[in-house]
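Single-letter residue listing:
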Amino acid sequence: MIDNENMNHISDELHEECGVFGMYDFDGGDVASTIYYGLFALQHRGQESCGIAVSDTMGPKGKVLSHKGMGLVNEVFDKKALAPLKGDIGVGHVRYSTAGASTRENAQPLVLNYVKGTLALAHNGNLINALELRDELSLTGAIFQTTIDSEVIAYHIARERLHSATVEEAVGRACRKIKGAYALVVMSPRKLIGARDPYGFKPLVIGKRDNAYILASESCALDTIGASFVRDVLPGEVVTITPQGIESDTSMCLQKEQEGRCIFEYIYFARPDSQIDGVSVYESRIKAGRFLAQDSPVDADIVVGVPESGNAAAMGYAMESGIPYGTAFVKNTYVGRTFIKPQQTARENSVRVKLNALKNAVKGKRVIIIDDSIVRGTTSDQIVCMLKKAGAKEVHVRVACPPFLWPCYFGTDVPAREQLIAYNRSVEEIRQVIGADSLAYLRVERLEELVNGLSICKGCFTGKYPLEPPKEDIRGEYEK
Ligand code: SF4
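What you are looking at is a predicted structure, and each value in this text was computed from that prediction instead of being measured.

Visitor: Break down the overall build of the chain for me, citing the residues and quoting the values.
Guide: Secondary structure summary: the chain contains 16 helices and 23 strands in total. Expected size for 480 residues packed as a compact globule is a radius of gyration near 23 Å; at 23 Å, the chain falls within 12% of this value. With respect to the principal axes defined by its C-alpha atoms, the chain has extents near 70 × 45 × 45 Å. Taking all 480 residues of the chain together, 59% fall into the buried category. Sequence-distant contacts in the chain: of pairs separated by 6 or more residues, those separated by 24 or more amount to 70%. The averaged location of the 60 negative side-chain charges in the chain is 2 Å from the averaged location of its 55 positive side-chain charges.

Spelled out as structure tokens, the structure:
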């Protein structure tokens, strides 16, 4: 067992920062309830706060109605909260905080009134020059209401708008100043604008339903609301949606090989029923399992996944190896909302509250267990122990990504190196810590193959990021 006394995290899971959604109905229909369902489909990307802002393109210019709060989509919104949100254009957001405190002020969308009108903005990602830009803005009199990067972006758009012919030009100019990861959805009184950073760290797709256009973090949200997939917003592209059509500005796009999609979207964050840049998230997880079976085979009686994100890779391992796929755990999906946080040391241990082993499925068997990742390693030892207690004869752990060795600066809470179990430990040492009979990770060389050769970021595994990371770790700096 590793010493967990000082661990703040009761879970070893990583978190995505946010999910964004925008909609413009050219027939004038209200969009708030559809945005609600869109956010509901993106709930896995952020569970701390959420919000919706809408406007009526035929109504008084600059009037934006919004509602946001702390909690899940179905906790923040009920019929009463949705009813006043009348408007045919709107944006929505779900949030998990990796930079900026988890408070109501930091909930999005941000609504900004300025001399040229009103903007509402929803952002997914993390900027690496936000502190610099914030200081620069503060020196010229800007007063910030929140501690999040997104406000820096909103201010820059508002400022650029003063010298730009159109709001989309202002978004493009602001995007040239900000550095890092962003998928943005911006609503102006008559336009819906989407932007993706030049590296394409975060996904953003365009959809269509009847005479309405949609922008969403993931394609699963389009399926949920019955919209069809039109295409991905390109890395570096700014798209502007108006009744006259979709305009595209690709002047920020880089060469294909310079792009750097977050590979962890495919491995863990995104829903398996989503497609990102033409690659099925489910297929990439199946492949990860197949590669593990090819590169790190072991004799066993059953292959199981750590639910839910390990399941597809476990299926891939089973298909490739011919070892039967099975279920070894029952998961309590409501555990994230327990108001008494289970302590690592308490009897009501967080892992046991969340997962229980199916004794009949594993008793007397040699079990291969596939996990999507091991971050701090605070749960892996307990999962192995749980399987052994349930009667498993051997437990072989296979991990569907390489060992985490470096932090992430682009919107994922991969922590500082010292907190990573693989930092300064060999695979054999990690195996001993978690008590497995064998342990193997996906090889770094396999990552591009998961996504059919797309250019990706794999910085948290290699220390080489698509763009220069900040000299110091400034995540959460505004709270100080
Ligand atoms: S460092 Fe890792 S988690 Fe962060 S964007 Fe790159 S691949 Fe994704």
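Now that the structure has been shown, the text picks up again.
Visitor: Quick rundown of the site of the ligand? Include the residues and the values.
Guide: Around the ligand, the neighbouring residues are Phe201, Cys262, Ile263, Cys408, Phe410, Thr412, Cys457, Cys460 and Tyr465. Classifying every residue of the shell around the ligand by side-chain character gives eight nonpolar, one polar and no charged.

Visitor: Got a sec to walk through the side chain of serine 217? Specific residues and values, please.
Guide: Its location among the elements puts serine 217 in the loop between β10 (212–216) and α7 (219–224). Of the residues examined, serine 217 reaches a relative accessible area of 1% and is grouped as buried. Among residues more than four places away in sequence, those in contact with serine 217 are Cys18, Gly19, Val20, Leu42, Arg45, Asn124, Pro203 and Leu204.

Visitor: Give a description of the pairing of strand β20 (residues 366–371) that names residues and reports values.
Guide: With five of six residues buried, β20 lies mostly within the body of the structure. Summarising the sheet, strand β17 (residues 302–305) and β20 pair through four bridges and their orientation is parallel. Considered in β20, the bridge of isoleucine 302 is made with valine 367. One ladder, built from six bridges, connects β20 with strand β21 (residues 394–399); its direction is parallel. Paired with isoleucine 368 across the bridge in β21 is histidine 396. With respect to chirality, the unit in which β20 leads through helix α13 (residues 380–389) into the neighbouring parallel β21 is right-handed.

Cut-offs used in this document
- Residues numbered from 1 in each chain as written.
- Predicted model: local features only at pLDDT ≥ 70, side-chain atom pairs only at ≥ 80, totals over all residues.
- Heavy atoms only, no water.
- Helix = DSSP H or I, 4+ residues; strand = E, 2+ residues; numbered from the N terminus.
- Rg over C-alpha atoms; globule rule 2.2 N^0.38 Å.
- Buried < 20%, exposed > 50% of the residue type's maximum accessible area, 1.4 Å probe, protein only.
- Contact = heavy atoms within 4.5 Å.
- Lys, Arg positive; Asp, Glu negative; His and termini not counted.
- Charge placed at Lys NZ, Arg CZ, Asp CG, Glu CD.
- Near = heavy atom within 4 Å.
- Nonpolar A, V, L, I, M, F, W, Y, C, P; charged D, E, K, R; others polar.
- Pairing = 2+ DSSP bridges.
- Right-handed = clockwise from strand over helix to strand, strands pointing away.

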